Amino acid sequence: MNKEFNKMFDVETIRSDFPILNQEINGSPLIYFDNAASTQKPKSVITSISNYYKKDHSNVHRGVHSLSVRATEAYEESRRSIAQFINAAHDYEIILTKGSTESINLVANSITPQINKEDEILITTMEHHSNIVPWQELCIRTGAKLKVIPINTNGEIDLNALSQLINKRTRFVSLVHVSNTLGTINPVKAVIEMAKSVNAYTLIDGAQAVAHMDIDVQSLDCDFYVFSGHKLYGPTGIGVLYGKEECLQSLTPYQYGGEMILKVTFEETTYNELPHKFEAGTPNMAGAVGLRSAIDYLGSIDLDMARNHEMALHDYALNQLLLIPNIEIIGTANNKSAIISFIIKKLHPHDIGTILNQKAVAVRTGHHCTMPLMDHYKISGTIRASFSFYNTKDEVDVMIEALDMAINMLS
Ligand code: PLP
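Now for a look at the structure at hand. (Residues numbered from 1 in each chain as written. Predicted model: local features only at pLDDT ≥ 70, side-chain atom pairs only at ≥ 80, totals over all residues. Heavy atoms only, no water.)

A look at the sheet that holds strand 8 (residues 201-205)
Point 1. Taken in spatial order, the seven strands line up as 4-10-9-8-7-5-6 in an open sheet, and their pairing is mixed. Of all strands in the sheet, those bounded by a partner on one side alone are strand 4 (94-97) and strand 6 (145-149). Going from strand to strand, the sheet's axes swing by 20 degrees on average, the running direction of each strand aside.
Point 2. With five bridges joining them, strand 9 (residues 224-228) and strand 10 (residues 239-243) adopt antiparallel strand pairing. When the bridges of strand 10 are listed, serine 228 appears paired with glycine 239.
Point 3. In this fold helix 3 (residues 66-85) packs onto strand 4, strand 9 and strand 10, with an angle of close to 120 degrees to the strand it touches most, strand 4. (Pairing = 2+ DSSP bridges. Helix = DSSP H or I, 4+ residues; strand = E, 2+ residues; numbered from the N terminus. Axes fitted to C-alpha atoms, helices over the stretch in contact; angles between N-to-C directions. Contact = heavy atoms within 4.5 Å.)

The structure is reproduced here in structure tokens:
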């Protein structure tokens, strides 16, 4: 059933929190439908980063002076807030990284000694390159085999095929929670249960999920969960690797140097405790502060209404798009997030995206870092509109008008 717009949700108030939205592009008000690539930042996030540098900045950990103590407290407070946000059992299960990509690389690298040539790694057809290439490289290093869980024409994982693929050689199952290209919300809990039945590790790529649904890593019971701050209304250059304590303990360090050690002699080094074992070098304190502020911001709005609004935009836009001749929607799963990918037959996505930009409509065009998925659909790319709670129904109308114009110009 289509979601309806809730009159109680005051999108104008929300929009006033996001200064970047208040600008014109090519003489028209900006319409930002590229939220799956990166979300915009509320004033509170921008201010928190600026205040950190104005008042609290120094290097973290081990400092005895006040600024270092304050910077350390701010950094560790962010970790606590992230742990609460995804309901991790312990703060030290949160490793701060550059983003989802680095988090996946960390796990795929650090698990190397546990993988051998008899082993199999499972991913799905709809993975982002960030959740393909690190596993390919692991397979090259170890001789393990990379196997791909197929999807059906709607863009949903084929659970029957998965049950045929998964076996006692499966050592790792790594899959996306919400597809950045199709918008499919995967049944990750069911997949995690299947993986556990053969004692395989699980990693969930939550890059597109955290901003749009509640995440409870204990209830999911995944071994690892990753996401990026910049897709959660926070800054770039900060992201999260959640790992169950025993899983993180079983990994070798990813990078070596300061912060990740307890004792160093020229003969040998003892590694630090979690989480510091995986945070070599000076971390991104300002990024952590900004990410905490983004989480606080989300806590300050009615997230149920916000998410309902996003899905109402999705449903409205989808119904309007379906009226356009020669359109094909790529990704029609039953359980979807507020992302719509489409193509217009015989027209190139980039050409359409360029004309939409003339009308100040920002959409993403191309393969969305999912080239194997494009191969699966036998297309080179799509046009992708991805919605946030700060978008409006009027903006969707402008996109549809601009799209009509683009199609007329290009046909
Ligand atoms: N995984 C998914 C599903 C994504 O959508 C993205 C980014 O688009 C990534 C991973 C990589 O995120 P980042 O570039 O922030 O590391």
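After that view, the rundown keeps rolling.
Quick look at the packing of helix 2 (residues 43-56) against helix 3
The description of two helices packed together rests on the angle between their axes and the distance between the axes.
Point 1. One way to put it is that helix 2 packs onto helix 3 with a least axis distance of 10 Å and a crossing angle of 155 degrees. Here helix 3 runs roughly antiparallel to helix 2, going by the angle between their axes. In this structure, helix 2 uses Tyr52, Lys55 and Asp56 to contact helix 3, whose residues at the interface are Leu67, Arg70 and Ala71.
Point 2. Taken together, the residues of the contact of helix 2 with helix 3 break down into three nonpolar, no polar and three charged. (Parallel < 35°, antiparallel > 145°, perpendicular 65-115°, else oblique. Nonpolar A, V, L, I, M, F, W, Y, C, P; charged D, E, K, R; others polar.)

What to know about the packing of aromatic side chains
Each pair of aromatic rings is reported with the distance of its centres and the angle of its planes.
Point 1. Counted by the stated rule, this structure contains 15 aromatic pairs.
Point 2. Judged by centre distance (6.1 Å) and plane angle (40 degrees), the rings of tyrosine 201 and phenylalanine 224 are tilted. Residue tyrosine 201 is located in strand 8, and its partner phenylalanine 224 is located in strand 9; the two are separated by 23 residues in the primary sequence.
Point 3. Exposure remark for tyrosine 201: the relative accessible area of 12% places this residue in the buried category.
Point 4. Above the face of the tyrosine 316 ring, lysine 393 is positioned so that its terminal group lies 4.8 Å from the ring centre. (Phe/Tyr/Trp six-rings, centres within 6.5 Å; stacked < 30°, edge-to-face > 60°. Buried < 20%, exposed > 50% of the residue type's maximum accessible area, 1.4 Å probe, protein only. Lys NZ or Arg CZ within 6 Å of the ring centre and 35° of its normal.)

Some remarks on the side chain of asparagine 391
Point 1. Among the secondary structure elements, asparagine 391 is positioned in the loop between strand 17 (382-386) and helix 14 (393-410).
Point 2. Taking the relative accessible area as the measure of exposure, asparagine 391 reaches 0% and is therefore buried.
Point 3. Within the structure, asparagine 391 has its side chain in polar contact with the side chain of asparagine 35 (distance 3.1 Å).
Point 4. Only 2.8 Å separates the side chain of asparagine 391 from the backbone nitrogen of serine 388, close enough to count as a polar contact.
Point 5. Sequence-distant contacts of asparagine 391, that is, excluding residues within four places in its chain, are made with Val11, Arg15, Tyr32, Phe33, Asn35, His309, Leu313 and Ser386. (Polar contact = N/O pair within 3.5 Å; in protein donor to acceptor, adjacent residues only side chain to side chain.)

Focus: the environment of tyrosine 233
Point 1. Within the fold, tyrosine 233 resides in the loop between strand 9 and strand 10.
Point 2. Under the relative-accessibility criterion, tyrosine 233 is labelled buried at 0%.
Point 3. On a C-alpha basis, the gap between tyrosine 233 and serine 293 in space is 9.1 Å, while along the polypeptide they are 60 residues apart.

Observations regarding the site of the ligand
Point 1. Near the ligand, the surroundings consist of 13 residues, among which Thr101, Asp205, Ser228, His230 and Lys231 are the closest.
Point 2. The contact in question runs from an oxygen atom of the ligand to an N or O atom on the side chain of threonine 101, over 2.6 Å.
Point 3. The protein chains hide 85% of the 390 Å² of surface that the ligand would expose on its own.
Point 4. In terms of residue class, the shell around the ligand is built from two nonpolar, nine polar and two charged. (Near = heavy atom within 4 Å. Areas by Shrake-Rupley, 256 points an atom, 1.4 Å probe, with all protein chains shown as cover.)

Notes on the sheet that holds strand 14 (residues 339-344)
Point 1. Ordered by their spatial adjacency, four strands build an open sheet running 13-14-17-16, and the pairing between neighbours is antiparallel. Since the sheet does not close on itself, it has two edges, and those belong to strand 13 (327-330) and strand 16 (364-366), each with one partner. Averaged over all adjacent pairs, the angle separating strand axes in this sheet is 30 degrees, with direction ignored.
Point 2. Sheet topology places strand 16 next to strand 17; three bridges connect them, and they run antiparallel. Considered in strand 17, the bridge of threonine 365 is made with isoleucine 383.
Point 3. Each of strand 14, strand 16 and strand 17 touches helix 12 (residues 349-358); the most contacted strand, strand 16, lies at about 160 degrees to it.

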